[in-house]
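Residues per chain are reported as follows:
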Amino acid sequence: MDSTAGELGLRLYDLVRTVRLLKQRRADERQAVAPGLLGLLMQIDQSSSGCQARELARRTRLDPSTVSRSVAALVADGLVERRPDPADKRASLLVITSAGRAALAESFGWYGGVLDRALADWTPDEVNALSGALDRFARDIEVALGNHDNLEAAP
């Protein structure tokens, strides 16, 4: 591995550590949505008419058993509800509840506040450059992985 890739690897380690710190700080505040479930709740919210769990697993690239356990927690917390799927009587649609939307809004507010403080000295161009680079990097990593591997398997 050349020194550029090695340096990038170290910066990625720092980024992952920072994300863990954010999640831990958020968890310490006993928020409505557990940090590990926030991404799934966001995905369900983006499906205006609801989505099936298998579609959610495909979109998030998570193992179906992981999605099943996570959805059960979201349902138990009243953030998501299951509704019959009119197109498939054997399946159910996952739909965000008003409590789920309120929890998302509160979470976005908290994370947004942290980002606002962290980026207070950045110019809009610097923020846009970072956002664009992260988007490109995430897409390129998926391509490098063959775009089909689960990014997180069940524990």
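Preceding block: the structure.
So, here is what we can say about the structure in this document. (Residues numbered from 1 in each chain as written. Predicted model: local features only at pLDDT ≥ 70, side-chain atom pairs only at ≥ 80, totals over all residues. Heavy atoms only, no water.)

### Points about the overall build of the protein chain
Basically, it comes down to this: Strands are runs of DSSP state E lasting at least two residues, helices are runs of H or I lasting at least four, and both sets are numbered from the N terminus onward. A simple rule labels every residue: compare its accessible area, found with a 1.4 Å probe on the protein chains alone, to the largest value its type can have, and call it buried under 20%, exposed over 50%, or partly exposed in between. Whether two residues are in contact is decided by their heavy atoms, any of which lying within 4.5 Å being enough. Shrake-Rupley sampling with a 1.4 Å probe provides the accessible areas, and residues are treated as covered by the protein chains on show and by no other component.
Summing up its helical and strand segments, the protein chain has 6 helices and 2 strands in all. Tracing the protein chain from N to C terminus, the helices and strands come up as α-α-α-α-β-β-α-α. Taken over the C-alpha atoms alone, the protein chain extends approximately 55 × 35 × 30 Å along its principal axes. Here the protein chain holds 155 residues, and the buried ones make up 26% of them. Look at the contacts in the protein chain between residues 6 or more apart in sequence, and 59% of them connect residues 24 or more apart. Surface accessibility of the protein chain: about 10500 Å² in total, with carbon and sulfur atoms responsible for 57%.

### Considering the packing of aromatic side chains
The condition that has to hold: In summary, the pairing rule links any two rings of Phe, Tyr or Trp, Trp by its six-membered ring, whose centres are within 6.5 Å, and it sorts them by plane angle into stacked for under 30 degrees, edge-to-face for over 60 and tilted for everything else.
Taken as a whole, this structure holds 1 aromatic pair when the rule is applied. Arranged with centres 4.9 Å apart and planes meeting at 90°, the rings of Trp-110 and Tyr-111 form a pair that is edge-to-face. A relative accessible area of 16% means that Trp-110 is categorised as buried. For Tyr-111, a relative accessible area of 19% puts it in the buried group.

### Concerning the pattern of salt bridges
For the record, the criterion: Salt bridges are identified by distance alone: a Lys or Arg side-chain nitrogen within 4 Å of an Asp or Glu carboxyl oxygen.
Following the criterion strictly, the structure yields 12 salt bridges and no others. Where Arg-26 meets Glu-106, a salt bridge forms, and the shortest distance between an N and an O atom there is 2.3 Å. Here Glu-106 lies in helix H5 (residues 98–118) and Arg-26 lies in helix H1 (residues 3–28), a separation of 80 residues in the sequence. Given a relative accessible area of 39%, Glu-106 falls into the partly exposed group. Notably, a salt bridge pairs Glu-142 with Arg-61, separated by 3.1 Å at the nearest N-O pair. With Glu-142 in helix H6 (residues 124–144) and Arg-61 in the loop between helix H3 (53–60) and helix H4 (64–76), the pair connects residues that are 81 residues apart, well separated along the chain. Residue class for Glu-142 comes out partly exposed when judged on its relative accessible area of 28%.

### A word on the pairing of strand E1 (residues 80–85)
In plain terms, the rule: Think of it this way: DSSP has to see at least two bridges between two strands before they count as a pair.
Two elements, E1 and strand E2 (residues 88–96), share 6 bridges in a ladder whose sense is antiparallel. Note on E2: the bridge partner recorded for Asp-85 is Asp-88. Connecting the antiparallel pair E1 and E2 is a turn made up of 2 residues.

### Regarding the layout of surface pockets
For the record, the criterion: Buriedness of a pocket was judged along seven lines, with at least five required to meet protein on both sides within 12 Å; pockets are open sets of points on a 1 Å grid over the protein atoms alone, cavities are sets where a 1.4 Å probe fits but cannot get out, and lining residues have an atom within 4 Å of a point. Grid points are joined across faces, edges and corners, and a volume is the space filled by probe spheres set on the points. Three classes are used, and their members are as follows: Ala, Val, Leu, Ile, Met, Phe, Trp, Tyr, Cys and Pro are nonpolar, Asp, Glu, Lys and Arg are charged, and the others, Gly among them, are polar.
By volume, the largest pocket amounts to about 2300 Å³. Every residue lining the largest pocket is counted, 45 residues in all, and those nearest its centre are Leu-15, Val-19, Leu-22, Lys-23 and Leu-134. Counting only elements with at least two residues in the lining of the largest pocket, the list comes to H1, helix H2 (35–46), H3, H4, H5 and H6. In terms of residue class, the lining of the largest pocket is built from 27 nonpolar, 8 polar and 10 charged.

### A look at the packing of H3 against H4
Spelled out, the test is: With axes taken as lines fitted to C-alpha atoms, and helix axes fitted only over the stretch in contact, angles between N-to-C directions fall between 0 and 180 degrees. Helix crossings fall into two classes, left-handed where the near helix is turned counterclockwise from the far one by less than a right angle and right-handed where it is turned clockwise.
The contact between H3 and H4 brings their axes to 9 Å, and the two run at 120°. Considering how the two elements wind past one another, H3 and H4 form a crossing that is right-handed. Across the interface between the two elements, Ala-53, Leu-56, Ala-57 and Thr-60 from H3 touch Pro-64, Val-67 and Val-71 from H4. When the residues that make up the contact of H3 with H4 are grouped by side-chain class, the tally is 6 nonpolar, 1 polar and no charged.

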